[in-house]
Structure formats: C-alpha cells, structure tokens
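# Results of the structural survey
Single-letter residue listing:
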Amino acid sequence: MIRADAAAKVAGTARYTVDAAAPGMLHAKLLRSGRVHARVIAVDAAAARAVPGVHAVLTAFDLAPVPMPVYGYYIKDQPILTDHVRYRGDPVAAVAAETEAAALAALRLIRVTYADLPAVPDIAAALAPDAPALFPEAPFGIVPAYGAGAAGRLRPVPNVCFDFTYTRGAPDAFAACDHVWEDRFSFPRMTHAHLEPFVCLARWHADGLLEIETSNQNPFPLRRELGRIFGIPETRIAVRVPFVGGGFGAKNNCKTEPLAALLAQVTGRPVRLCLTMEEGFLTNTQHAATIRLRTGAMADGTLVARSAEVLLDAGAYADGSPLVAERAAYRAAGPYRWAHVQAAAACVMTNTAPAGPFRGFGGTQVTWAGESQIDMIARRLGRDPLDLRRQNLLAPGEAYAPGDTPLDSDVAAVMDLVADAMGRSRAPGRGLGLAIGFKDGGGVNKPAQARVKANAAGDVWLACGSVEMGQGAQTAMAAVVAGVLGCDPGRVTVAPIDTRHTPFDQGTNASSGVAVMGRAVQAAAEGLRDQVLEFAAARLGLPASDLVLVDWAVAHGNERRPLAPMILRHFGGTGFEFTAEGFWKQPNDPAAPMGSPCPFWEVSVAGAEVSVDEGTGRVTVHRLIVASDAGHALAPDVVRGQDEGGALMGLGQALFERMLWDGGTLVNIDPLRYRMPMAEDLPADFRSLAHAQGLGPGPGGAKGVGEGAILPVAAAIANAIDDAAGVRITALPLSPDRVLAALAARGAVDD
Amino acid sequence: MTAPVPLRFTLNARSQTIEVPTSRVLSDLLTETFGLHGARVACGRGLCGACTVLVDGEPRAACSTFAWEVEGAIVETIEGLGGASPVQAAFAAVSAFQCGYCTPGMILLATALLRADPDPCRATVRDWLSSNLCRCTGYAVIEEAVLAAAAAIRAARA
C-alpha cells in the first residue's frame, strides 16, 4: 500500500504551518519569565518599543480590550500573558517585529519588576498545609456530567484544580480478601518532542475575518476558544490546518494562537508566532504522577478489589489535566474482573510547565503501576504472571464497568500471541516480562461529521476534520471511502481543513480516527453511493438494489455501464457533483460512567527480553515485541507505524526519558540533555505483530490504534528486569542508578 | 544585521551567485531566498537532523551552518532529488514516515550513506540513522527502507 501522503512527504513538498508566510508578515517572540513564582509589579517596555522594526510590545497590562484573555479546557485559568508568574517560562510579554532578530533584540530591553512568591515546585510542596496557592481565587471552571459511579470536583483544595473519583461495587470486598497488598509507583514526565514546533500565522482581514493557519490537533474547539476570547462569532473565524509535524497530544486547545491573533489585531499585520523546541518543552508536557495501588485477592489468585490513588502533577495551569485525571482514575482497574473498584485522581498545581494531553492520556501512568503490580502479586503468590493474568482477564463481551461498552477484544489472545513470539523459556542471564495496555478508546462527546462528493468523472473529495499529523488519517479515511465506492483509494482526495468549509469534528485525539470519524466517513460514502445508484437505476429503469458501484460504473450482472456519459447526458455538458454527508456520535447514556459508552476498547501487549549488567546497572532490552488488536487494519502500514512508534516512545519512557526539574527550573530543556530514542536504541529484535480480531465498531470491524502500544512497554521491561535480576523497581525511568540501588538493596536483604 | 558578503555555490545542480549577511544560516537562506522548505528546522541546534542537507555530499544541519560556509560547495536538498530517487521510492513503498517532518533529512542522510556504501549492513544503517531523530515511526521501518533502496540501486546497476 502507498499512503495518501507519501508522494508529498518523500518529495519534501508537503506543506506545514511552519512554512506559512504572508505579505507584510511580522514575527512574534515571547518574553518568558526567569522567575519560578512571582507577581509582576511593573513592566518597562519603552526601550523595546523604540527598537527599529518593532510594531507592538504587549504585557498583561495591555489585555483590557480582550473580552476574555484566558483559556483552558474545563478550567479557563491560563492567561494569554500573565502578571502572576506561575512557572519559569511563563510568558509575561510579547513582541511583534519586522524580523525575528528585531523581536529578540526588543525582548532583551524589556525590564520587568517582580515580587517573588514562595515556590511550589512539586506535588509534595503543593499539598503541604501552608503551601501558597498558585491561584488565590478560583478560576472559572465547569464539571461535565458523568454517569454511574463517577464524580468530579473543582478545586477541592486550593492547589488541586480538579479531582475525579470512580467507584463500583462495595468497599467491604477488601475485608473478604485473603491478601491485600499496597504498592506505590512513581512516574516522571516526558516531553512530546513533536518535531514541528508550536507555530501559527494569524491575520485579520478587512472584512473582520480572523484567519489562523496553525499546527493544531483540534481546529473546531480552537475556533470556539478564539471566538470566546475575542468576543466574535465563529463565522468570523477561519482555522486552517495543513499537515501537522507531530503532536502526540500537545497540540490540543490553544497554544500560540490567541497571542498571535492579538498581536495581529493590534498591529494590523499578519503575525507569525513560532516557538523554539526549548519553548515547546515549556508549553505542554506529560503528567508526572505518584500512584498508590491497593489490591485485594484470594489465595487462589482471584482478584477481588482494587483501590487507586493517583496524584498528577498538572504544572502551572489546568490545560487538559482534568480530562487526564478522569482517564487515569477510570482506567486504573486494567483489563481484569473486580468485585470492587475505588479510584481517585487529583490534578495538583505546581510551579512547573503546564501538563496536558499526552499519548496514552492517564492510561500510561496507571498501566505502569497496574501491570507492575500484577507481576508483583504473581511473585508473592508463587504464580506465573501470565497465568495469573489469564485467570482474571475480562472475556470478550464481558462488562468492564456497568453501563459501559462490553469488551470487544479477546485480550488473552493478544497476550498469547506476544508470549508465543517471545518464547516461554528464557536464555541464561536474560529475563522475560510482559504487560497489557488497556484503555477505553475513542473519547467521549466527540461528534464527527464528514462530507463526500464526486464529480461526473468519478473523482472523489472527502472533507473531514481529522488532522493528518502522521498517524495516517488521510490514508485510512480514503480507504474507507474507496471501499464503499468500489474505487481505487487514489481517486479519493482529502480536502485541506478549513473550518469555514470542513464539516465539524471535535478533534483528532483519543485514537478516535477510524472508530469515530471513520463511521461518519463511511456513512457519507454510503449516502453518496446510494444516490449514485438511485440515479443510475432511474436512467436504466432497473431497481437500485440490483446495481453495484464499481470503478465509477454501475454493474448489473455481468453488464457494466459507465457513469460519466450517463451523468453528462442527464445534467448537461458541465456535469454535476453528487454530495453526501455523514455523522457519528456515540450516544450519551447516564448509565455509562464517563457519560457515554466508549466507542471501543484499545488493547495492546508488550513483551520484553532484557539483561541487567550488575556492575553498571545498565539494562539492555534485547527484544521488544508488541501487538495490538486493530480490529480490522484499514491500512496495514498505518497500524504498524502506530504500534512501533508508540512502542519506541514507551521504551524511551522506560529507560531514560524524563524531564528533570530542580526547584522549578527545567534542567534538560533541549534534545541534547533530554534523551530521546534514536535508531541505535532499537532492541536487536523489535517488532510489531499484525493482529486484528474484527470486533471493533469501525468500518470492517476496525478500532483505533493510536495510543495503545505506548501503554504496556515500561511495565513489561520492569517485569523483565525482575525476572532477570530479582529486583523490583517502582519508579521510572529504569535508569542505571535505580537499578544499582535496587541490586544493592537485594544484596542487603539476601545477607 | 551584518554586512552582506558574496556567495557562490551550487544548489541542486544550478550555480548561484548571491550576497548574504554573514549572520544568515543556511536553512533560512534556502527558505527565504530560494523558496525551498524541505530543510525544516526542528531543534535549531544541529541536534535532531530534521534540516539535514548534503554539502559536498556530506550530511549537514542547515540550521547550524552559516550560509557563507557553503562558498564554492555543492549543496543538495530534498527538492534536488526529484521525488522519485531510489531512496524516496523506498520510503514511499514501505511507508517509512509518518508526520514527514524528519523525512527529508532522513532521505538525504540515507542518500549520502548509499553513495558511500552501496551495500551497508543493518548495523551500519542503524549507526547512520542515529544522527537524526524521528519521534513517530520507531525507526525499524526506516531501516527497512534504506536496505530496500540499497538493494534497488544495486539491482539497477547489475
């Protein structure tokens, strides 16, 4: 198969927002505070404004004309520019100038007077009884409607912006258990490190239209935020999104766009705001977390009760943290059968960069803990970890939670596939480990709409809001359309995204591509096919049900009638376009804990073979094999890409990736000091196994695959380390210092 | 802004004579003067390899190369490969890309490798690819593409 975006991307002609330019364009740069927590007392920008080529210098004190200069998901707490610095790197001023050099020169001349506040650099400091509040007053926020067993709260204590609980079954289940184990896990944060920076180009046209071209995963929610911030109807906003050079969750909601739009408004010129990769590190991150799991089981290995307490480091602003907290808590049960689950997750505000959506979305944190603990329990019970899992895994069709979608995968089959590929016996000096990634997939409250049209010649356009950020959305959606219309996928062109013309979509996230948007696209294509067949049936005097659409001809038995002449004869020489719309939304249901049953369950399994150098503490991963249940692979290369890309991101998380904070200062703020996986980090045997069970809700039984493979990798490697060296490490990354400390502690116990 | 200096070099097989400020980096020159966007900047520090171009056949980070450094040199960018070179064809055939942002750099890196070593072993390919970052693919498929391109080039010569 050839991906829809292959030709442009290998030729170097694919167009990204970073390439965008406009006549008269100004360049914006931000002054980021060097303070960790401080009040801005005064800003002297006179010298900066006098720099030749500078058109505007804005600070928090210049925002009065903006109706609502704050943004966020559930909680609107992040100012466009701040007078209360909440992390080192918080933007306090912005400059627009003829050149980037002039803008940078102006930044150096801005004098800010601060009054320092006590720093709250981590979760423990934030929850201390006398901790200073990052927000002395509660920002505006909402709690969405949840279903059975779920509840959310805004600001239960001043430095927790949101917490979420999910409960099912009776807590006395713990009392009946033969064993109750409590274990604690910690999880550092990664940076997304998308290679295309956060970047946008904003301009106000003479007719009042705000046009923004941006590298963003969700153009329609962004349009809504911009309309609210600037107090203008959405009809006066055009958000355009070309190819996006990687997102991994970071490019949701507003990032650069409101400030660029404001600078464009003030200067009357197009404004480009392009952040550096270092600024990207300070703009959005994964959530660091501490996870406490309490698990009760019977002597025969039957799992009974689980309680989970997850503390997420949300950083300085809420961003997507409340949504991540929902998922972290809801997913904490894993793919197992329980009589009782009690899960809570809290978003703790700290003076560090804001955390938000990151591939896995809370599932990564709790999978690390849950799939480590299940192995620990197996060892405590003297059981084989795979057998203990098998004993407790949910079966296909069984409920994960009352009211939610029944399980649509045979998880044990995926586990066995990987276990068989790994082999059940280990070589001398090696350890084997396996873990299961499991999450509700496809998101909640995600209406998706699509439009398909075809001209007289049978050239097809698809318009939908799925952003092509590398995941293969265009290829998969074109395959859906081609499948319905009986044509080659090459006949299907995916139209560029412009919120003025593109049908509505909630956003490109939550692995929702094929299982949510795919169904809207399928419905649109089916509508178009039916129109064409009805048209042909009327011309031919045959029932439409007897006709089949093949290569823009109608087949009736062995006879094929080309459509183009039929259409031109009927509509005249200039032709006609058939157009059809499609829509999909998972219906809301208060019985479902998250407010609607999840579109599908995302299942992945990782198997790792490792050795541990007991002299240096270095872990070598010799083999890493992953499999996910794609349901049905609409585009096999795309599924493989998601699985292997996710797995290698998981390997980085397992072995070395972490943002290092020192009292509110990010120490490793570039890709030299922040270690990311390179080709040389590939295990000698690194593979994804194609696997599809056909039980998903998308076209042909397809499911989403975007996030699954990152989930289980870290726990699989930790489990393999325990198998190899007899040490259990409960903090990531599994770095040589931690391994050496664990080996030393093992010796102490042995002695 | 620094005073312009004359610069003569060959860009994608065409000789160019221009003036550039000494502060201008090669990636900006390619974008702003020649409208070539393939060498896209990601880290801006010569670490990630996304902006890789070939200077006298050697991979160089265009973001960290001053324009005046290519005086008299032959510069090749992704646009100079034409879109259907054996390496490009192999990347397209096995989908050795996702977001595509690192892809021009990876393709030029592989092109330089296969000129130097038409029959590299997997370890050599892995060693070369380790100079460039890809956050999407997991690299294995890129290795496959490079090995497939090598085979295709050898087959075409045989």
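A quick note: this is a predicted structure, and the numbers were derived from the prediction, not measured. (Residues numbered from 1 in each chain as written. Chains lettered and ligands numbered in written order. Predicted model: local features only at pLDDT ≥ 70, side-chain atom pairs only at ≥ 80, totals over all residues. Heavy atoms only, no water.)

## Re the state of the cysteines
This structure, assessed with the given rule, holds 0 disulfides over all chains. Here Cys254 of chain A is not disulfide-linked; the sulfur of Cys200 of chain A is the nearest cysteine sulfur, at 10 Å. (Disulfide = S-S within 2.5 Å.)

## Some details on the nonpolar core
Ranked by size, the top nonpolar core spans 179 residues in total, and within it Ile717 of chain A together with Phe91 of chain B carry the most contacts. Not counting the four nearest positions on each side in its chain, Ile717 of chain A is found in contact with Ala608, Val610, Val621, Leu651, Ala654, Leu655 and Leu734 of chain A. Ala456, Leu547, Trp552 and Val554 of chain A belong to the second largest nonpolar core, which has 44 residues in total. (Core = buried A, V, L, I, M, F, W, Y, C linked by side-chain atoms within 4.5 Å. Buried < 20%, exposed > 50% of the residue type's maximum accessible area, 1.4 Å probe, protein only. Contact = heavy atoms within 4.5 Å.)

## Notes on the pattern of salt bridges
In total, this model carries 63 salt bridges over all chains according to the counting rule given. For Glu213 of chain A, the salt bridge is made with Arg15 of chain A, and the minimal N-O distance between the two is 2.7 Å. Note that Glu213 of chain A is positioned in strand β15 (residues 210-214) and Arg15 of chain A in the loop between α1 (6-11) and β1 (26-32), a separation of 198 residues in sequence. Overall, the relative accessible area of 4% leaves Glu213 of chain A in the buried class. A residue is classified by how much of its surface remains accessible, and Arg15 of chain A, at 40% relative accessible area, is partly exposed. Residue Arg45 of chain B is joined to Glu278 of chain A by a salt bridge in which the shortest nitrogen-to-oxygen separation is 2.3 Å. One end of the pair, Arg45 of chain B, is in the loop between α1 (26-33) and β3 (52-55); the other, Glu278 of chain A, is in helix α7 (residues 277-281), on a second chain. When its relative accessible area of 43% is taken as the criterion, Arg45 of chain B is described as partly exposed. (Salt bridge = Lys/Arg side-chain N within 4 Å of Asp/Glu carboxyl O. Helix = DSSP H or I, 4+ residues; strand = E, 2+ residues; numbered from the N terminus.)

## Focus on the layout of surface pockets
A volume near 1,600 Å³ is recorded for the largest pocket. Around the largest pocket, the lining comprises 47 residues; the ones closest to its centre are Lys29, Glu100 and Arg272 of chain A together with Asp28 and Glu32 of chain B. For the lining of the largest pocket, the secondary structure elements donating two or more residues are β1, α3 (100-107), β17 (271-274) and α7 of chain A together with α1 of chain B. Class assignment of the residues belonging to the lining of the largest pocket gives a composition of 24 nonpolar, 9 polar and 14 charged. The calculated volume of the second largest pocket comes to roughly 1,100 Å³. In terms of lining residues, the second largest pocket is bounded by 42 residues, among which Tyr73, Tyr74, Leu323, Val444 and Gln506 of chain A are the most central. A total of 5 residues in the lining of the second largest pocket trace back to one element, the largest contributor, which is helix α5 (residues 219-230) of chain A. Residue composition of the lining of the second largest pocket, by class: 17 nonpolar, 12 polar and 13 charged. (1 Å grid on protein atoms, 1.4 Å probe; cavity = no way out; pocket = protein on both sides within 12 Å on 5 of 7 lines; lining within 4 Å. Points joined across faces, edges and corners; volume = space filled by probe spheres on them. Nonpolar A, V, L, I, M, F, W, Y, C, P; charged D, E, K, R; others polar.)

## What to know about the interface of chain B and chain A
A common way to report how large an interface is uses the accessible area buried once the components associate. In this assembly, 39 residues from chain B lie in contact with 51 residues from chain A. For the pair chain B and chain A, the summed buried area comes to about 3,600 Å², and 59% of that belongs to carbon and sulfur atoms. Summed over the three residues of chain B that lose the most area to chain A, namely Gln98, Tyr101 and Arg135 of chain B, the buried surface amounts to 22% of that side. Taken together, the links from chain B to chain A amount to 5 salt bridges. Taking the shortest distance from any N to any O, the salt bridge between Glu657 of chain A and Arg135 of chain B comes out at 2.8 Å. Viewed at the interface, chain A and chain B are joined by 21 residue pairs in polar contact (both at pLDDT 80 or more). For the side of chain B that touches chain A, the secondary-structure elements that each account for two or more residues are α2 (86-94), α3 (103-116), α4 (122-129) and α5 (140-157) of chain B. Counting residues per element, the side of chain B that touches chain A draws most heavily on α2 of chain B, which supplies 5 residues. The residue makeup of the side of chain B that touches chain A, split by class, is 21 nonpolar, 11 polar and 7 charged. (Buried area = accessible area lost by both parts, 1.4 Å probe. Polar contact = N/O pair within 3.5 Å; in protein donor to acceptor, adjacent residues only side chain to side chain.)

## Structural notes on the sheet that holds strand β9 (residues 111-116) of chain A
All names here are of chain A. Taken together, 3 strands build an open sheet; the order of strands is β7-β2-β9 and the sheet is antiparallel. Both outer strands of the open sheet, β7 (84-85) and β9, are each paired with one neighbouring strand and no more. Here strand β2 (residues 38-44) runs beside β7; their pairing, made up of 2 bridges, is antiparallel. Bridge assignment links Ala38 to a residue of β7, and that residue is Val85. (Pairing = 2+ DSSP bridges.)

## Some words on helix α8 (residues 321-330) of chain A
Of all 10 residues in α8 of chain A, 10 are buried; the element is thus mostly enclosed. Where α8 of chain A is concerned, the buried positions are Ser321, Pro322, Leu323, Val324, Ala325, Glu326, Arg327, Ala328, Ala329 and Tyr330 of chain A.

## Examining empty space enclosed by the protein
Residues and elements named next belong to chain A. Applying the stated criterion across every chain, the model contains 10 cavities of 30 Å³ or more. In this model, the largest cavity occupies a volume close to 630 Å³. Looking at which element gives the most residues to the lining of the largest cavity, the answer is helix α13 (residues 513-540), with 4 residues. Class assignment for the residues of the lining of the largest cavity results in 22 nonpolar, 20 polar and 5 charged. Approximately 230 Å³ is the volume found for the second largest cavity. Among the secondary structure elements, those contributing two or more residues to the lining of the second largest cavity are β1, β6 (78-79) and α6 (257-267). Here the lining of the second largest cavity is composed, by residue class, of 15 nonpolar, 4 polar and 4 charged.

## Comments concerning the confidence of the model for chain B
On average, residues of chain B score 97 in pLDDT, and 99% of them are at 70 or above. Model confidence for the complex is summarised by a pTM of 0.97, with the ipTM given as 0.98. (pLDDT = per-residue confidence, 0-100.)

## Describing the side chain of His194 of chain A
Residues and elements named next belong to chain A. With respect to the helices, strands and loops of the structure, His194 is situated in the loop between β13 (179-187) and β14 (199-204). Look at His194 and you get buried, because its relative accessible area is 7%. Within the structure, His194 has its side chain in polar contact with the backbone oxygen of Glu196 (distance 2.8 Å).

## Some thoughts on the packing of α3 of chain B against α5 of chain B
All names here are of chain B. It is at 11 Å that the axes of α3 and α5 come closest, and there the two elements cross at 40°. In this view, α3 runs oblique relative to α5, as classed from their interaxial angle. Two packed elements cross with a definite hand, and for α3 against α5 that hand is right-handed. Between α3 and α5, the contacting residues are Met106, Ala110, Leu113 and Leu114 on the first element and Ile142, Val146, Ala149, Ala150 and Ile153 on the second. Within the contact of α3 with α5, the residues separate by chemical class into 9 nonpolar, no polar and no charged. (Axes fitted to C-alpha atoms, helices over the stretch in contact; angles between N-to-C directions. Parallel < 35°, antiparallel > 145°, perpendicular 65-115°, else oblique. Left-handed = near helix turned anticlockwise from the far one by under 90°.)

## With respect to the sheet that holds strand β2 (residues 14-21) of chain B
All names here are of chain B. Strand order across the open sheet formed by 5 strands is β2-β1-β5-β3-β4, with mixed pairing between neighbours. On the outer flanks of this sheet lie β2 and β4 (58-61), each paired with one strand and no other. Neighbour-to-neighbour, the strand axes of the sheet open up by a mean angle of 40°, direction not taken into account. Pairing of strand β1 (residues 4-11) with β2 involves 8 bridges; the strand directions are antiparallel. The residue bridging Pro6 from the neighbouring strand is Glu19, located in β2. Sheet strands in contact with α3 are β3, β4 and β5 (74-76), and its direction is about 35° off that of β3.

## Digging into the environment of Pro67 of chain A
Residue and element names in this part refer to chain A. Inspection of the secondary structure puts Pro67 in the loop between β3 (54-59) and β4 (70-71). Its relative accessible area of 52% is what places Pro67 among the exposed residues. Each C-alpha atom of the pair Pro67 and Gly698 lies 42 Å from the other, and the pair is 631 residues apart in sequence. Residue contacts for Pro67: discarding those within four places in its chain leaves Arg228, Ile229, Phe230 and Gly231.

## Considerations on unusual backbone geometry
Going from Leu732 of chain A to Pro733 of chain A, the amide bond is cis rather than trans, its omega being -5°. Its location among the elements puts Pro733 of chain A in the loop between α16 (713-725) and α17 (736-750). Despite not being glycine, Ala13 of chain B shows a phi value in the positive range, around 75°. Among the secondary structure elements, Ala13 of chain B is positioned in the loop between β1 and β2. Even without glycine at this site, Tyr139 of chain B takes up a positive phi of about 70°.

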